Protein chains: 2
Amino acid sequence: MAKRIAIVGYGNWASAIAKVVGENVHKYSEFETTVAMWVKPKMFNGRLLTDIINEDHQNPMYLPNVMLPSNVIAYSCLKDTVKDANILIFVTAHQMVQDVCAQIKGHVHEEAVGISLIKGMVTQSDGTANPISKEISSHLNIDISVLMGANIANDIAAGGFAEATVGCIHPEHGEMFQRMFDSENFRINVVRDVYTVELCGALKNIVACAVGFAEGLGLGSNAKAALIRLGMHEMIKFIETFYPGSDLKTFFESCGLADLIATCEKGRNSRVCKAFVASDKAMHEVEAEELNGQSAQGPPTASEIYGMLRQVGLEESFPIFTIVHRICTRQVPASDLKRCLQNHHLHQTVQSKEDCSSNSSGVSA
Amino acid sequence: MAKRIAIVGYGNWASAIAKVVGENVHKYSEFETTVAMWVKPKMFNGRLLTDIINEDHQNPMYLPNVMLPSNVIAYSCLKDTVKDANILIFVTAHQMVQDVCAQIKGHVHEEAVGISLIKGMVTQSDGTANPISKEISSHLNIDISVLMGANIANDIAAGGFAEATVGCIHPEHGEMFQRMFDSENFRINVVRDVYTVELCGALKNIVACAVGFAEGLGLGSNAKAALIRLGMHEMIKFIETFYPGSDLKTFFESCGLADLIATCEKGRNSRVCKAFVASDKAMHEVEAEELNGQSAQGPPTASEIYGMLRQVGLEESFPIFTIVHRICTRQVPASDLKRCLQNHHLHQTVQSKEDCSSNSSGVSA
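Fair warning: this is a prediction, and the values are worked out from it, not measured in the lab.

**Brief notes about the interface of chain A and chain B**
The extent of an interface is frequently quoted as the accessible surface area lost upon association of the parts.
Thinking step 1. Across the boundary between the two partners, chain A contributes 64 residues, which contact 65 residues of chain B.
Thinking step 2. Taken together, the two surfaces of chain A and chain B that pack against each other cover about 5600 Å², and 53% of this comes from carbon and sulfur.
Thinking step 3. By the criterion of area lost to chain B, the three top residues of chain A are Phe161, Asn222 and Phe252 of chain A, representing 14% of everything that side buries.
Thinking step 4. The tally of links between chain A and chain B comes to six salt bridges.
Thinking step 5. The shortest N-O distance in the salt bridge between Arg229 of chain B and Glu253 of chain A comes to 3.6 Å.
Thinking step 6. The interface formed by chain A and chain B holds 30 residue pairs in polar contact (both at pLDDT 80 or more) in total.

Here it is in structure tokens:
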């Protein structure tokens with residue numbers, strides 16, 4: 001029997017991925033040719049968004065001016081959307097994950113598999129933070145893979161070239177997800193390092209905040225490049241510390257290097273954080289002004305990661321992650337970022353010839 | 001006896017590094033407090049550039065509006081500049097290296113050590129290309145280290161924060177170079193992987209050309225991020241193939257990741273190559289129009305690297321390096337770049353369920 005695919009989400013990225021998957025299912029008989037998409041009941045210009053999607057095949061609220069394939073069918077009931085699905089694509093806002101899981105628990109096919117496209121972490125009651133795939137998986141008791149990469153949604157929806165990385169434990173699921181998503185203009189590589197793929201997607205938003213602060217402070221391109229590099233080191237070290245066993249090569253996949261670069265160059269986090277430097281408002285106020293109702297994931301992710309670091313006393317080993325949280329919450333001024341760069345522990349200490357004369361050859365001026 | 005430092009070069013980067021070194025020598029008694037700088041006899045506004053540097057402590061021709069330390073002394077005679085120097089800093093244009101070496105051969109202190117800040121390769125008569133440090137070292141028979149990184153010269157001269165990587169075989173030279181260059185705003189890390197450090201500095205200019213072509217073609221941020229990522233893979237593979245023994249970690253130093261990002265974002269190569277797409281002129285004509293007399297190293301480096309790849313039949317294993325050379329020389333249109341991205345061999349091939357039914361579980365629609 002062909003597999004039924006359901007997309008849990010209706011925003012910008014969800015709509016772009018609906019276009020990708022909706023076009024791809026026709027290529028393989030293993031998939032049902034209609035793709036279900038959960039769309040929360042919302043009005044747009046006097047019509048229900050589900051009706052607009054099903055009648056006009058567009059999502060003008062989140063992805064204007066893009067035609068969706070007519071085999072993408074919007075449903076307003078979340079439980080109905082997921083109940084017969086064999087494959088679930090989770091692509092909601094980071095903040096909605098726990099609520100969505102609570103609603104569909106017990107209504108998901110027991111042999112279903114899922115894939116999360118959501119970038120972020122979920123703070124637990126004990127103060128630790130879970131990768132979102134782990135959160136979904138523990139609520140629903142199904143296997144969850146992840147898809148992350150340099151994936152600006154509007155570009156992909158417009159047919160621009162992009163790559164992505166699927167992180168997947170089971171090779172047969174990886175092959176299936178590759179068929180579901182891969183096309184000439186959207187190339188998928190599959191790796192087994194699920195948490196590395198996913199955490200890269202979350203952590204790069206913190207680095208993008210640092211780059212935004214640097215722009216707001218007028219630090220130049222050298223400093224921004226240094227922040228991205230040192231930020232990448234902190235990403236690697238964080239994952240090695242909290243989720244050991246990652247492969248350094250995964251950081252060279254689209255989910256690592258490429259997503260970090262694209263996000264720092266052109267993402268919401270850099271934009272909001274740049275504006276934050278010139279403002280005296282709280283981060284959520286600057287976000288409301290700058291992003292027109294969308295949210296930036298960097299500040300909450302920085303808070304979640306800071307909570308994990310503080311629990312084990314490692315704040316000072318991750319100076320960029322730590323200072324981003326402290327700047328976002330106005331505990332320190334943004335201008336402290338330059339000192340953080342200058343004093344980052346990854347810079348080797350200079351030994352003066354005078355300081356180590358006992359080891360020197362005795363030649364001196 | 002304190003060591004005498006001579007800078008072989010007088011352009012933008014040479015002047016910025018003269019400021020860094022001129023300020024640093026005061027901190028350590030191991031260095032002479034005057035720094036010699038070779039400046040080719042050139043007139044600027046009716047005065048000799050050497051006189052302007054020695055009287056006004058500025059280099060208005062290449063680094064306007066920046067004061068140089070008064071202990072940087074310009075010399076017009078290359079042989080006089082180098083003859084008593086213990087430490088030589090090579091920072092000329094890539095094209096001048098062979099001529100400079102020929103001039104000073106036999107005039108360099110036999111125990112001198114050198115460091116090259118020049119990014120590029122030098123083609124030999126047999127068609128192979130040498131890293132510049134190897135070229136200098138074989139001409140002068142002295143040990144040559146390298147310094148590379150995300151180092152936009154004007155930013156550094158203006159006191160902006162930057163990092164750099166020194167590649168150095170001998171640890172005691174590495175420590176000395178760190179003292180010579182490191183300051184609060186210019187952080188130096190030392191690694192032993194000399195050729196990796198140096199080749200990153202040369203190869204990233206080819207990737208920056210690809211990014212410039214992508215911009216000229218209107219490909220989006222996802223595609224640019226993918227090019228940088230795939231370009232980094234080709235850099236790693238090229239170095240592994242031709243200079244085996246590199247450490248993957250070196251690519252995460254400033255000379256690798258950070259320089260690649262800064263150059264692709266804001267370098268001359270991207271600018272010229274973007275303009276090239278909209279023009280029907282030859283690359284050197286576009287360069288003359290766009291760069292105001294400065295040169296872009298990417299196109300000649302692509303040619304040198306292509307020559308090495310062709311000698312061993314590896315052009316198709318380095319699709320981005322190869323297509324950049326072919327586009328620069330108008331053998332193929334720039335629009336072929338998108339196909340190169342789509343078909344890059346680093347993307348895994350999708351297996352359709354139908355194609356591999358003998359391995360499948362037999363479940364089908």
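**What to know about the packing of aromatic side chains**
Thinking step 1. As enumerated under the stated definition, the model contains 21 aromatic pairs over all chains in all.
Thinking step 2. With centroids separated by 6.1 Å and ring planes inclined at 80°, the aromatic side chains of Phe238 of chain B and Phe318 of chain B adopt a geometry described as edge-to-face. Linking Phe238 of chain B in helix H9 (residues 221-242) with Phe318 of chain B in the loop between helix H13 (298-311) and helix H14 (319-328), this pair joins segments that are 80 residues apart in sequence.
Thinking step 3. Three or more aromatic residues joined by ring pairs make a cluster, and in this case those are Phe238, Phe242, Phe318 and Phe321 of chain A.
Thinking step 4. Note that Lys237 of chain A overlies the ring of Phe318 of chain A, its terminal NZ or CZ placed 5.4 Å from the centroid.
Thinking step 5. The ring of Phe276 of chain B carries Arg330 of chain B above its face, with NZ or CZ at 3.8 Å from the centroid.

**Re the sheet that holds strand S7 (residues 113-116) of chain B**
All names here are of chain B.
Thinking step 1. One open sheet holds the eight strands; their spatial order is S5-S2-S1-S6-S7-S10-S11-S12, and the pairing between them is mixed. The open sheet is flanked by strand S5 (72-75) and strand S12 (186-191), the only strands paired with a single partner. Averaged over neighbouring strand pairs, the angle between their axes works out to 25° when direction is ignored.
Thinking step 2. With three bridges joining them, strand S10 (residues 143-148) and strand S11 (residues 162-167) adopt antiparallel strand pairing. What sits directly across from Met148, in S11, is Thr165.

**Quick notes on the UniProt feature "binding site: substrate" (unreviewed entry) in chain A**
Residue and element names in this part refer to chain A.
Thinking step 1. The residues that UniProt annotates with the feature "binding site: substrate" (unreviewed entry) are Lys119, Arg268 and Asn269. These annotated residues cover 151 residues of sequence, and their C-alpha atoms all fall within 13.2 Å of one another, placing them together at a single site.
Thinking step 2. Not counting residues up to four positions away in its chain, the partners in contact with Lys119 are His94, Ile132, Met148, Gly149, Gly201, Ala202, Lys204, Asn205, Asp259 and Gln297.
Thinking step 3. Within the structure, the side chain of Lys119 is placed 3.2 Å from the backbone oxygen of Gly149, a separation counted as a polar contact.

**Section: the domain arrangement of chain A**
All names here are of chain A.
Thinking step 1. Under the domain assignment used here, chain A contains domain 1 (3-192) and domain 2 (196-348).
Thinking step 2. Computed over C-alpha atoms, the centres of domain 1 and domain 2 are 26 Å apart.
Thinking step 3. At the junction of the two partners, domain 1 supplies 26 residues and domain 2 supplies 26 residues.
Thinking step 4. In this assembly, domain 1 packs against domain 2 so that about 2000 Å² is buried in total across both faces, 58% of it on carbon and sulfur atoms.
Thinking step 5. Here Lys119 and Asp259 are joined by a salt bridge, their closest N and O atoms 3.1 Å apart.
Thinking step 6. Applying the counting criterion to the domain 1 and domain 2 interface returns eleven residue pairs in polar contact (both at pLDDT 80 or more).
Thinking step 7. Among the elements of the structure, strand S8 (121-123), strand S9 (129-131), helix H5 (132-140), strand S10 (143-148), strand S11 (162-167) and strand S12 (186-191) are those that each provide at least two residues to the side of domain 1 that touches domain 2.
Thinking step 8. Broken down by element, the residue count for the side of domain 1 that touches domain 2 peaks at four residues, all from S11.
Thinking step 9. Taken together, the residues that form the side of domain 1 that touches domain 2 break down as eleven nonpolar, twelve polar and three charged.

**What to know about the UniProt feature "active site" (unreviewed entry) in chain A**
Residue and element names in this part refer to chain A.
Thinking step 1. As annotated in UniProt, the feature "active site" (unreviewed entry) corresponds to Lys204 in the numbering used here.
Thinking step 2. Tracing the sequence through the fold places Lys204 in helix H8 (residues 194-217).
Thinking step 3. The buried category is assigned to Lys204, whose relative accessible area is 5%.
Thinking step 4. With near-sequence residues (within four places) excluded, Lys204 lies in contact with Lys119, Met235, Asp259, Leu260 and Thr263.

Cut-off values and rules
Per chain, residues are indexed from 1 in the order of the written sequence. Think of it this way: whatever chain is written first is A, whatever ligand is written first is 1, and the rest follow in order. At least 70 in pLDDT is required for a residue's local features to be given in this predicted model, at least 80 for side-chain atom pairs to be given and counted, and no such filter applies to totals for whole chains, interfaces and linings, which use all residues. Values reported for side chains reflect all heavy atoms of the structure, with hydrogen atoms and water molecules removed beforehand. The contact rule is simple, with two residues in contact once any of their heavy atoms fall within 4.5 Å. Summed over both partners, the accessible area lost on bringing two parts together, with a 1.4 Å probe, is the buried area. Here a salt bridge means any side-chain nitrogen of Lys or Arg lying within 4 Å of a carboxyl oxygen belonging to Asp or Glu. Each polar contact in these results corresponds to two N or O atoms within 3.5 Å; when the atoms are within protein, one needs to be able to donate a hydrogen and the other to accept it, and residues that are neighboring in sequence are counted only if both atoms are side-chain atoms. Pairing of aromatic side chains requires ring centres within 6.5 Å, counting the rings of Phe and Tyr and the six-membered ring of Trp. Pairs whose planes differ by under 30 degrees are stacked, by over 60 edge-to-face, and all others tilted. Numbering of helices and strands starts at the N terminus; helices are DSSP runs of H or I of at least 4 residues and strands are runs of E of at least 2. The rule for a charge over a ring is simple: NZ of Lys or CZ of Arg within 6 Å of the ring centre, and within 35 degrees of the ring normal. Paired strands, in this sense, are two strands between which DSSP finds at least two bridges. Note on geometry: axes are lines fitted to C-alpha atoms, helical ones only across the stretch in contact, with angles between N-to-C directions running from 0 to 180 degrees. UniProt positions are given in the numbering used here, feature names are shortened, and annotations may be inferred rather than shown by experiment. Domain start and stop positions are those given by an automatic or database domain assignment. Three classes are used: nonpolar for Ala, Val, Leu, Ile, Met, Phe, Trp, Tyr, Cys and Pro, charged for Asp, Glu, Lys and Arg, and polar for all others, with Gly counted as polar. Burial classes: relative accessible area under 20% of the type maximum marks a residue as buried, over 50% as exposed, and values in between as partly exposed (1.4 Å probe, protein chains only).

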